[in-house]
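Geometric and topological summary
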Amino acid sequence: MILLGPPGAGKGTQAERLQADFKLAHISTGDMLRKQVADGTELGREAKGYMDKGELVPDEVIIGMILQRIEEPDAREGFLLDGFPRNESQADALDAALRERGRRLSGVLMIEVPDDEVVRRLTGRRVCVKNPSHIYHVELDPPKHEDVCDQDGSRLIQRDDDKEETIRRRLEVYHGQTAPLIDYYDRTGLLRRFDGTRSPDEVHGHLRATAATLRLEDQL
Ligand code: AP5
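Further remarks concern the overall build of the chain. The helix and strand inventory of the chain stands at 9 helices and 8 strands. Burial status across the chain gives 49% buried among its 220 residues. Once local pairs closer than 6 in sequence are excluded, the contacts in the chain between residues at least 24 apart make up 71%. By element, 48% of the accessible surface of the chain is carried by carbon and sulfur atoms, the whole surface being about 11400 Å².

This part covers the nonpolar core. Counting residues in hydrophobic clusters, the biggest one holds 35 residues, and the most contacted among them are I27, I66, F79, L81, L94 and Y185. Considering each element in turn, this core owes the most residues, 6 residues, to helix α4 (residues 59–69). Residues within four places of L81 in sequence aside, it is in contact with M1, I2, L3, I27, I66 and L94. Counting residues in each nonpolar core, the second largest holds 21 residues, with A9, V113, F194 and A211 among its members.

In the vicinity of the ligand, 35 residues are found, and the nearest of them are T13, E55, R86, R125 and R170. Between the ligand and K11 there is a distance of 2.9 Å, counted from an oxygen atom to a backbone nitrogen or oxygen. Within the side chain of R170, an N or O atom sits 2.6 Å from an oxygen atom of the ligand. Burial of the ligand by the protein chains amounts to 96% of its free accessible area of 1100 Å². For the shell around the ligand, the secondary structure elements donating two or more residues are α1 (11–22), α2 (29–39), α6 (115–123) and β6 (135–137). With 4 residues, α2 is the largest single contributor of residues to the shell around the ligand. Among the residues forming the shell around the ligand, the class breakdown is 14 nonpolar, 11 polar and 10 charged.

A few words on the environment of D141. Following the sequence through the fold, D141 ends up in the loop between β6 and β7 (156–157). For D141, the contacting residues outside a window of four places in its chain are I135 and Y136.

Applying the stated criterion across every chain, the model contains 0 disulfides. With no disulfide of its own, C149 lies closest to C128 among cysteine sulfurs, the gap being 3.9 Å.

Spatial strand order, β6-β5-β7: 3 strands in an open sheet with antiparallel pairing. On the outer flanks of this sheet lie β6 and β7, each paired with one strand and no other. Relative to β6, strand β5 (residues 125–128) runs antiparallel, the two being bridged by 3 bridges. Counterpart to R125 in the pairing with β6 is H137. Contacts between α6 and the sheet are confined to β5 and β6, with β5 contributing the most and set at about 45 degrees to the helix.

Definitions and cut-offs
Residues numbered from 1 in each chain as written. Predicted model: local features only at pLDDT ≥ 70, side-chain atom pairs only at ≥ 80, totals over all residues. Heavy atoms only, no water. Helix = DSSP H or I, 4+ residues; strand = E, 2+ residues; numbered from the N terminus. Buried < 20%, exposed > 50% of the residue type's maximum accessible area, 1.4 Å probe, protein only. Contact = heavy atoms within 4.5 Å. Areas by Shrake-Rupley, 256 points an atom, 1.4 Å probe, with all protein chains shown as cover. Core = buried A, V, L, I, M, F, W, Y, C linked by side-chain atoms within 4.5 Å. Near = heavy atom within 4 Å. Polar contact = N/O pair within 3.5 Å; in protein donor to acceptor, adjacent residues only side chain to side chain. Nonpolar A, V, L, I, M, F, W, Y, C, P; charged D, E, K, R; others polar. Disulfide = S-S within 2.5 Å. Pairing = 2+ DSSP bridges. Axes fitted to C-alpha atoms, helices over the stretch in contact; angles between N-to-C directions.

Put into structure tokens, the structure is as follows:
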């Protein structure tokens, strides 16, 4: 399955929960790239320049990384893509790769949130330095102790691209390059839409119910 939506829609927040519900591998291109940056690899150094400006990292870097990742053992029974695909050429590459391997998508879950809410969420987001799936918000979902992760006690940090100017650029890139995927997947009948302005628990309830039905339909 794919989780689609603008930056800050809650893809990472929901992926963490859906992964636990369905035992799917959570594949986040953003987290994979940030790990490369933290490890100081060549790929990380190249990607950081794009990420800090809110631009997409070139397709040739991303597509190879993802196609390799979906081959790993934990992804054999299914995976949840978060942050990929982000344009039509990435979607075409995924489609071709799945077809070649006799696999297919069960569904595309689209979380909708207006731009102003995205800015509010991302300027207040904090993430765990050790595990980026542990996500908080200074007002909307604060940790029990300021700047400390509830789940593992690590320090919470602000992402380099969560500055207002960069968030606005990420939104432009989303509307220009990623939003066309809504029609792309709507045409295949795989797209389901969700109101991302509801509480995380409500969004999760709706996503889980739909994902369960889609997976069941896929197995028939
Ligand atoms: P990436 O890391 O994928 O960032 P993104 O798509 O911009 O998404 P975010 O992680 O910012 O948001 P999210 O939807 O996961 O929201 P979250 O759950 O954290 O990509 C970063 C960069 O990497 C890109 O700009 C690009 O450069 C590069 N990149 C990545 N993939 C690429 C690709 N395929 N091709 C090319 N380049 C690529 O929630 C946000 C906040 O809201 C949190 O504080 C959370 O607590 C709060 N929140 C969540 N849900 C709710 C709710 N229901 N109500 C209230 N608050 C909520």
